[in-house]
Protein chains: 2
Amino acid sequence: MSSVKISNNMLERMPVYLNYLNALPKSITNISATKIAKALGLGEVSVRKDLAKVSDGGRCKLGYRCEDLINDIENFLDVKSKINAVIVGDGELIKILLNYQGAENSGLNILAGFDSSCTKQWNSGEKMIYPLEQLESFCTDQDINIGVIMSPIKEAQEVCDRLVRLGAKAIWNFTPVHLNVPEHIVVQSENITASIIKMRMQLKEKAEVS
Amino acid sequence: MSSVKISNNMLERMPVYLNYLNALPKSITNISATKIAKALGLGEVSVRKDLAKVSDGGRCKLGYRCEDLINDIENFLDVKSKINAVIVGDGELIKILLNYQGAENSGLNILAGFDSSCTKQWNSGEKMIYPLEQLESFCTDQDINIGVIMSPIKEAQEVCDRLVRLGAKAIWNFTPVHLNVPEHIVVQSENITASIIKMRMQLKEKAEVS
């Protein structure tokens with residue numbers, strides 16, 4: 001990851017640019033910030049600033065070479081250096097994230113899933129899901145950076161403690177539980193319920209205005 | 001939803017309080033902001049302020065009656081008034097959100113799922129998944145407030161346009177695509193890739209400090 005500081009908004013736009021650029025037909029070799037802004041419905045000034053921050057390949061009239069721009073964004077985000085993760089949770093959810101191409105593309109190397117409700121290991125597509133009891137024996141010889149928690153609410157804190165003991169430096173929390181962790185651990189929470197409530201709030205505000 | 005303005009951070013803590021309160025043993029009838037703050041590892045001042053904003057039931061030494069506090073938070077968030085949603089996407093993801101209890105608890109009434117890869121309707125637990133062709137005929141007689149998009153990247157914008165034409169006022173976007181919508185439409189995006197990149201960035205920052 002580059003040491004240039006970027007805003008949260010810019011950070012959220014980066015995967016959108018990458019996704020757009022990767023989906024362009026091979027015949028398009030060059031692209032301008034203006035064209036990207038138009039296609040994505042974003043402000044031209046923001047797009048221009050964002051791209052200038054991650055790439056110096058922009059040329060007057062020619063724009064960016066698509067291939068170079070993809071490369072520059074990926075380098076800036078450092079997605080090519082892989083970090084290891086394991087997922088703990090319930091079979092179906094684990095399976096989806098285990099096989100989610102976007103994780104791989106963001107440099108997250110998910111090694112395996114662990115399911116408290118299963119008693120035998122099984123192969124979910126390309127990766128294995130093991131009974132939760134095997135978490136410690138599996139992780140001991142691995143360098144685990146991120147622990148993903150999709151467990152039932154009641155198990156979440158205990159699973160978190162186990163992952164931290166196993167050396168996870170970050171916890172990616174898909175449960176609505178507030179996890180207590182040592183100060184040096186990063187927690188990234190996906191709060192589905194808060195998203196629903198935010199949407200409802202915005203809907204209500206728009207209805208009141210109109 | 002109350003018309004009191006609250007911050008994003010407070011909004012994200014509300015479901016965490018609800019979840020914590022709902023999980024307390026029935027024998028605990030009263031609880032203080034201090035105890036909640038400690039259990040959730042949050043600052044006492046924030047918790048005190050949050051709760052005072054949604055409830056006037058706090059009593060010196062006694063704290064809040066748990067049942068009343070749950071009620072006050074639910075009323076504040078207006079989760080008891082249901083709004084309708086449909087999900088469009090791919091079978092497995094649809095199935096999980098269709099049967100996600102948290103959605104129901106947040107007042108989101110998901111009516112059905114629509115899958116571009118299925119040719120026959122099927123019953124996924126309590127709710128039906130239909131072929132995508134049936135989206136228009138299903139929605140015409142329903143009052144759809146929210147359209148959830150979990151479609152393959154290439155289909156996302158077209159699905160979004162169809163949902164807006166069918167009257168959706170908000171789009172809940174689980175794809176990494178930037179969706180173009182008319183100005184009066186709310187878009188709430190869940191950007192998994194951005195979450196991964198944010199975590200990596202924080203990990204890197206902590207590693208540089210230590």
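For the structure itself, consult the block above.
One structure accompanies this document, and this report is about it. (Residues numbered from 1 in each chain as written. Chains lettered and ligands numbered in written order. Predicted model: local features only at pLDDT ≥ 70, side-chain atom pairs only at ≥ 80, totals over all residues. Heavy atoms only, no water.)

Across its full length, chain A holds nine helices and nine strands. Seen along its three principal axes, the alpha-carbon backbone of chain A occupies a region of about 60 × 50 × 35 Å. With 210 residues in all, chain A has 49% of them scored as buried. Pairs at least 24 apart in sequence give 55% of the contacts found in chain A among residues at least 6 apart. A total of about 10300 Å² of accessible surface is found on chain A, and carbon and sulfur atoms cover 50% of it. Charge separation in chain A, taken as the distance between the mean sites of 24 positive and 25 negative side-chain charges, equals 9 Å. (Helix = DSSP H or I, 4+ residues; strand = E, 2+ residues; numbered from the N terminus. Buried < 20%, exposed > 50% of the residue type's maximum accessible area, 1.4 Å probe, protein only. Contact = heavy atoms within 4.5 Å. Areas by Shrake-Rupley, 256 points an atom, 1.4 Å probe, with all protein chains shown as cover. Lys, Arg positive; Asp, Glu negative; His and termini not counted. Charge placed at Lys NZ, Arg CZ, Asp CG, Glu CD.)

All names here are of chain A. Here helix α1 (residues 8-23) crosses helix α4 (residues 66-77) at 145 degrees, and the two axes come no closer than 10 Å. Classified by chirality, the crossing of α4 by α1 is left-handed. Contact residues: α1 offers L11, M14, Y17, L18, L21 and N22, while α4 offers L69, I70, I73, E74 and L77. Here the contact of α1 with α4 is built from residues that sort into nine nonpolar, one polar and one charged. (Axes fitted to C-alpha atoms, helices over the stretch in contact; angles between N-to-C directions. Left-handed = near helix turned anticlockwise from the far one by under 90°. Nonpolar A, V, L, I, M, F, W, Y, C, P; charged D, E, K, R; others polar.)

A few words now on the interface of chain B and chain A. In this complex, chain B contributes 61 residues to the contact, which on the side of chain A involves 61 residues. Buried area between chain B and chain A, both sides added, is near 5800 Å², and the carbon and sulfur share of it is 64%. There are two salt bridges connecting chain B and chain A. Here E12 of chain B makes a salt bridge to K198 of chain A, at a shortest N to O gap of 3.1 Å. Linking chain B with chain A are 18 residue pairs in polar contact (both at pLDDT 80 or more). For the side of chain B that touches chain A, the elements supplying multiple residues, two or more each, are α1 (8-23), α2 (33-40), α5 (91-98), α6 (101-105), β8 (170-173), β9 (186-189) and α9 (192-209) of chain B. Here the element with the most residues in the side of chain B that touches chain A is α9 of chain B; it accounts for 15 residues. The class makeup of the residues in the side of chain B that touches chain A is 33 nonpolar, 15 polar and 13 charged. (Buried area = accessible area lost by both parts, 1.4 Å probe. Salt bridge = Lys/Arg side-chain N within 4 Å of Asp/Glu carboxyl O. Polar contact = N/O pair within 3.5 Å; in protein donor to acceptor, adjacent residues only side chain to side chain.)

Next up on the list: the relation of the copies chain B and chain A. One copy of the chain maps onto the other through a rotation about an axis plus a displacement along that axis. Under the fitted operation, chain B is carried onto chain A by 0.0 Å of movement along the axis and a turn of 180 degrees, and the coordinates agree to an RMSD of 0.1 Å. Such a turn and shift between the copies fits a two-fold axis. Residue by residue, 100% of the interface of chain B is reproduced at the interface of chain A, so both copies engage with the same surface. (Least-squares fit on C-alpha atoms with pLDDT ≥ 70 in both.)

Among the secondary structure elements, H178 of chain B is positioned in the loop between β8 and β9. Considering only alpha carbons, one finds H178 of chain B and I153 of chain B, 25 residues apart in sequence, at a separation of 10.0 Å. Sequence-distant contacts of H178 of chain B, defined by excluding residues within four places in its chain, comprise V16, L40, G41 and L42 of chain A together with Q157 of chain B. From its side chain, H178 of chain B meets the backbone oxygen of L40 of chain A in a polar contact 2.3 Å long.

Inspection of the entire model under this criterion finds eight aromatic pairs over all chains. By way of ring pairs, the aromatic residues F114, Y130 and F138 of chain A are connected into one cluster. (Phe/Tyr/Trp six-rings, centres within 6.5 Å; stacked < 30°, edge-to-face > 60°.)

Here we come to unusual backbone geometry. All names here are of chain A. A positive phi is found at K61, a non-glycine position, where the angle reads about 70 degrees. Relative to the elements of secondary structure, K61 occurs in the loop between α3 (44-54) and β2 (64-65). Of the residues examined, K61 reaches a relative accessible area of 87% and is grouped as exposed. With a phi close to 60 degrees, D78 is a non-glycine residue in the positive phi region. As for its placement among the helices and strands, D78 is situated in the loop between α4 and β3 (83-89).

All names here are of chain B. Residues of α2 that are buried include every one of A33, I36, A37 and L40, and no others. Along the long axis of α2, the arc covered by the buried residues comes to 100 degrees, so they all point the same way. Buried residues in α2 make contact with α1, β1 (30-31), α3 (44-54) and α4 (66-77). G41 lies just past α2 and shows a positive phi near 65 degrees. (Arc of directions from axis to C-beta.)

What follows covers the pattern of salt bridges. A pair can form between side chains of opposite charge whenever their charged atoms are brought close. Going through the model one piece at a time under the given rule, you end up with 18 salt bridges over all chains. The partner of D50 of chain B in a salt bridge is R13 of chain B, and the shortest N-O contact between them spans 2.6 Å. Pair noted here: D50 of chain B is in helix α3 and R13 of chain B is in helix α1, with a separation of 37 residues, a long-range link. One connected set of salt bridges, linked through shared partners, spans R65, E67 and D68 of chain A.

Each strand in a sheet pairs with its neighbour through backbone hydrogen bonds, running either in the same direction (parallel) or in the opposite one (antiparallel). Residues and elements named next belong to chain B. Taking strand neighbours across the sheet as the criterion, the seven strands line up as β5-β6-β4-β3-β7-β8-β9 in an open arrangement whose pairing is mixed. The two strands at the open ends of the sheet, each matched to only one other strand, are β5 (122-124) and β9. Averaged over all pairs of adjacent strands, the angle between strand axes in this sheet comes to 25 degrees, irrespective of strand direction. The pairing of β5 with strand β6 (residues 127-131) spans three bridges and is classified as antiparallel. (Pairing = 2+ DSSP bridges.)

All names here are of chain A. Where α1 contacts α3, the two axes come as close as 11 Å, and the packing angle between them is 85 degrees. In terms of axis orientation, α1 runs roughly perpendicular to α3. Within the contact between the two elements, α1 uses M10, R13, M14 and Y17 and α3 uses S46, V47, D50, L51, K53 and V54. Classifying every residue of the contact of α1 with α3 gives six nonpolar, one polar and three charged. (Parallel < 35°, antiparallel > 145°, perpendicular 65-115°, else oblique.)

Mapped onto the fold, N19 of chain B is located in helix α1. N19 of chain B has contacts with I153, P176 and V177 of chain A, leaving out every residue within four places of it along the chain.

Such coordinate-based values are descriptive only and should not be taken to indicate function.
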